[in-house]
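Chain by chain, the residues:
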Amino acid sequence: MRIIEVKLHNVRLPIVRPFTTSFGTQTVRSAIIVEVRAEAANSTGSPTEVIGWGECVALADPLYSPEYTEGARQMMIRYLLPALFNYQARHGVVTAETVGHSLRAIVGHQMAKSALEMAVLDAQLRARGESFGQYLGATVDRVPSGVSVGIQNSIPELLDTVAEYVEDGYQRIKLKIQPGWDIEPVAAVREHFGPNLLLQVDANAAFTLADAVLLRKLDAFDLLLIEQPLGEADLRQHAELAALMSTPMCLDESISSAETAMDAIAIKSAAVINIKPGRVGGYLEARRIHDIARASGVAVWCGGMLETGLGRAANAALSALPGFTLPGDISASSRYYETDLTEPFVLDNGYINVPTGPGLGVEPIPEILRQLTTDLYTLAAA
Ligand code: SMG
Ligand code: MG
C-alpha cells in the first residue's frame, strides 16, 4: 500500500476509578492514536483508499517502561515517520510485514513502533476485507476476560472491589502487589472467595531476590502465576526465584522481543509469558512470541495497557490464538472508561467477543475522537 498521510491524535480519557500499581496511580489515560490514510489493494487487487488505526500504549510517565507518551510522539515525528516514508519512497510501497524492517535502524521504542505497524496493518486488512483475527490466526470467536485490580486502601475495600468484578462475570482476578501490600491481601481474597477463584498477582518489578522468603509465602494460595516480581533486567534472578517457588513465574516487563522470550524460556525465568504487543514492538512480534512459547510448552496470555477500544479489539484478536491458554487482562471498556473512543467492549457471560469486521472491526467515533483529542499532528507523505 501507499501511505498518503499520517495523523497523530493525542487523546485524554478520564479513568472511572484511580488505578494504583507499585509504580504509581493512573487517573487519566493519555494515549496517541495513529491514523494512517493510504491507498491499498482491495480483495480483487484494485487500489482503494482506506484509513487504518493504531494505538500507542506508552503511559504518561516512564515508570512501567522507558517509553512515555510525549517521548513516543516525538519519536514518531522525528524518526519513525521519516524512516517509514523514506522506505516508501525507495520501495514504492509499505506493508505491515515490512514496517518493523523499515524501522530497525532505530534502537528500542517498541511502543511507538508498534502503534505505526498496527495502523498500517489495520489499513491493509480493511482494504482486503480481512479481520485482525483471521490474519493473526484466531481459532476461537470469544476470549475469557480477566481483570486487573489495583492496590487498594484497605482489605475491606479490596474485597468489595473484587466482589464487584466477580459479580460482573470476570473469569480471573489479578491483584497488584508491592512490598507491604503482598501476603495479607492475597490471603484475604483467597479466603473470602474460596479455592475456585482464578487468582494471580503482579508486582511490576517492585521486589528483589532478597525478598524470596517473603514471596515464597504466596505459594500457599494456589495462584495461577506471579507476574514480574523482580526488575526488568533481572532475567537470571527470576530464574533463581522461580526455582525457589512452586507458583509459576510469569514475565511481563522483561520480555521486550522474541529473542528475550527465547532466552527467558531457555534459562527457566518464565513458565508463563504475558504478551503485550506494544511492549514487544507490534502484533507480528507478539505472534512470533506466541509461536515460540507454544512450541516450548510455555503458556501465554495477553496483557493490557488500559487500551481504548482500538487496542482492545486487536488484543482480543491476538488472544484468540491457540497458545493463549490463560485469561488475559482484556476487560470491558467500562472497567476504565465511561466513554470509550469506539463502540464499547462489553462482557458477554465473562467473555469478550473477537471483532469480525475488516481490520480491527471497530473505529473511533468521530465526534468522541474530536472531543477527547488535545493535540493533532499531520504529516503527508512526500
Ligand atoms: O489494561 O487492564 C489493563 C491493565 C492491566 O495491570 C495491567 N497492566 O503490568 O500488567 C501490567 C499493567 C501495566 C499497566 S499499569 C498502569
Ligand atoms: Mg504486568
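Our subject in this report is the structure included herewith. (Residues numbered from 1 in each chain as written. Chains lettered and ligands numbered in written order. Predicted model: local features only at pLDDT ≥ 70, side-chain atom pairs only at ≥ 80, totals over all residues. Heavy atoms only, no water.)

1. Quick notes on the coordination of the magnesium ion (ligand 2)
1) Next: Coordination of the magnesium ion (ligand 2) by the protein is provided by D202 (OD), E227 (OE) and D252 (OD), with metal-donor distances spanning 2.0 to 2.3 Å.
2) Next: Read in sequence order, the donor residues for the magnesium ion (ligand 2) give the motif D-x24-E-x24-D. In this pair, D202 sits in strand β7 (residues 199-202) while D252 sits in the loop between β9 (249-251) and α9 (258-266), placing the two residues 50 residues apart along the sequence. (Donors = N, O, S within 2.8 Å, 3.2 Å for Na, K, Ca; no water. Helix = DSSP H or I, 4+ residues; strand = E, 2+ residues; numbered from the N terminus.)

2. Considering the nonpolar core
1) Next: Of all hydrophobic cores here, the largest spans 96 residues; its most connected members are M76, F132 and I273.
2) Next: Examining the composition of this core, we find that eleven residues originate from one element, helix α3 (residues 110-128), more than from any other.
3) Next: Two domains each donate at least three residues to this core, and these are domain 1 (2-129 + 365-380) and domain 2 (134-353).
4) Next: Excluding anything up to four places from it in sequence, I273 contacts C250, L251, I255, A261, I265, I289, V298, A299, V300 and W301.
5) Next: L158, A203, L215 and L241 belong to the second largest nonpolar core, which has 35 residues in total. (Core = buried A, V, L, I, M, F, W, Y, C linked by side-chain atoms within 4.5 Å. Buried < 20%, exposed > 50% of the residue type's maximum accessible area, 1.4 Å probe, protein only. Domains from an automatic or database assignment. Contact = heavy atoms within 4.5 Å.)

3. A word on the site of ligand 1
1) Next: Among the 20 residues in the neighbourhood of ligand 1, the closest are listed as S148, K174, N204, L306 and Y336.
2) Next: Here an oxygen atom of ligand 1 sits 2.9 Å away from a polar atom, N or O, in the side chain of K174.
3) Next: G304 places a polar main-chain atom, nitrogen or oxygen, 3.0 Å from a nitrogen atom of ligand 1.
4) Next: Coverage of ligand 1 by the protein chains reaches 100% of its 440 Å² of free accessible surface.
5) Next: Comparing atom positions with the cavity grids shows ligand 1 to sit within the largest cavity.
6) Next: Of all the secondary-structure elements, those providing two or more residues to the shell around ligand 1 are β1 (2-21) and β6 (172-176).
7) Next: Across the shell around ligand 1, the residue classes break down as seven nonpolar, five polar and eight charged.
8) Next: Here the shell around ligand 1 gathers at least three residues from each of two domains, domain 1 (2-129 + 365-380) and domain 2 (134-353). (Near = heavy atom within 4 Å. Polar contact = N/O pair within 3.5 Å; in protein donor to acceptor, adjacent residues only side chain to side chain. Areas by Shrake-Rupley, 256 points an atom, 1.4 Å probe, with all protein chains shown as cover. 1 Å grid on protein atoms, 1.4 Å probe; cavity = no way out; pocket = protein on both sides within 12 Å on 5 of 7 lines; lining within 4 Å. Sits in = over half its atoms within 2 Å of the grid points. Nonpolar A, V, L, I, M, F, W, Y, C, P; charged D, E, K, R; others polar.)

4. Here we look at the packing of helix α5 (residues 155-168) against helix α6 (residues 183-193)
1) Next: Where α5 contacts α6, the two axes come as close as 10 Å, and the packing angle between them is 50 degrees. Viewed along their axes, α5 and α6 adopt a mutual orientation that is oblique. Regarding α5 and α6, the two cross each other, and that crossing is right-handed. Between α5, through I155, L158, L159, V162, A163 and V166, and α6, the contact on the second element is made entirely by E184, P185, A188, V189, H192 and F193.
2) Next: Considered class by class, the residues forming the contact of α5 with α6 number ten nonpolar, one polar and one charged. (Axes fitted to C-alpha atoms, helices over the stretch in contact; angles between N-to-C directions. Parallel < 35°, antiparallel > 145°, perpendicular 65-115°, else oblique. Left-handed = near helix turned anticlockwise from the far one by under 90°.)

5. Focus on the sheet that holds β1
1) Next: Spatially, β3-β2-β1-β13 is the arrangement adopted by the four strands of the open sheet, whose pairing is antiparallel. The open sheet has two free edges, formed respectively by β3 (47-56) and β13 (373-380), since each of these has just one partner strand. Going across the sheet, the axis of each strand differs from the next one's by a mean of 20 degrees, ignoring polarity.
2) Next: Lying on the sheet, helix α1 (residues 69-91) is in contact with β1, β2 (24-41), β3 and β13; it crosses β1 at an angle near 155 degrees. (Pairing = 2+ DSSP bridges.)

6. Comments concerning empty space enclosed by the protein
1) Next: For the coordinates displayed, the defined rule picks out three cavities of 30 Å³ or more.
2) Next: Here the largest cavity defines a volume of roughly 220 Å³.
3) Next: Breaking the lining of the largest cavity down by element, the ones donating at least two residues are β1, β5 (146-149) and β6.
4) Next: Sort the elements by how many residues they give to the lining of the largest cavity and β5 lands first, with three residues.
5) Next: Counting only domains with at least three residues in the lining of the largest cavity, you end up with domain 1 (2-129 + 365-380) and domain 2 (134-353). (Points joined across faces, edges and corners; volume = space filled by probe spheres on them.)

7. A short note on the side chain of H238
1) Next: Mapped onto the elements, H238 comes out in helix α8 (residues 235-244).
2) Next: Look at H238 and you get buried, because its relative accessible area is 0%.
3) Next: Setting aside residues up to four positions removed in sequence, H238 forms contacts with Q228, P229, L230, G231, M249, L251, S254 and S269.

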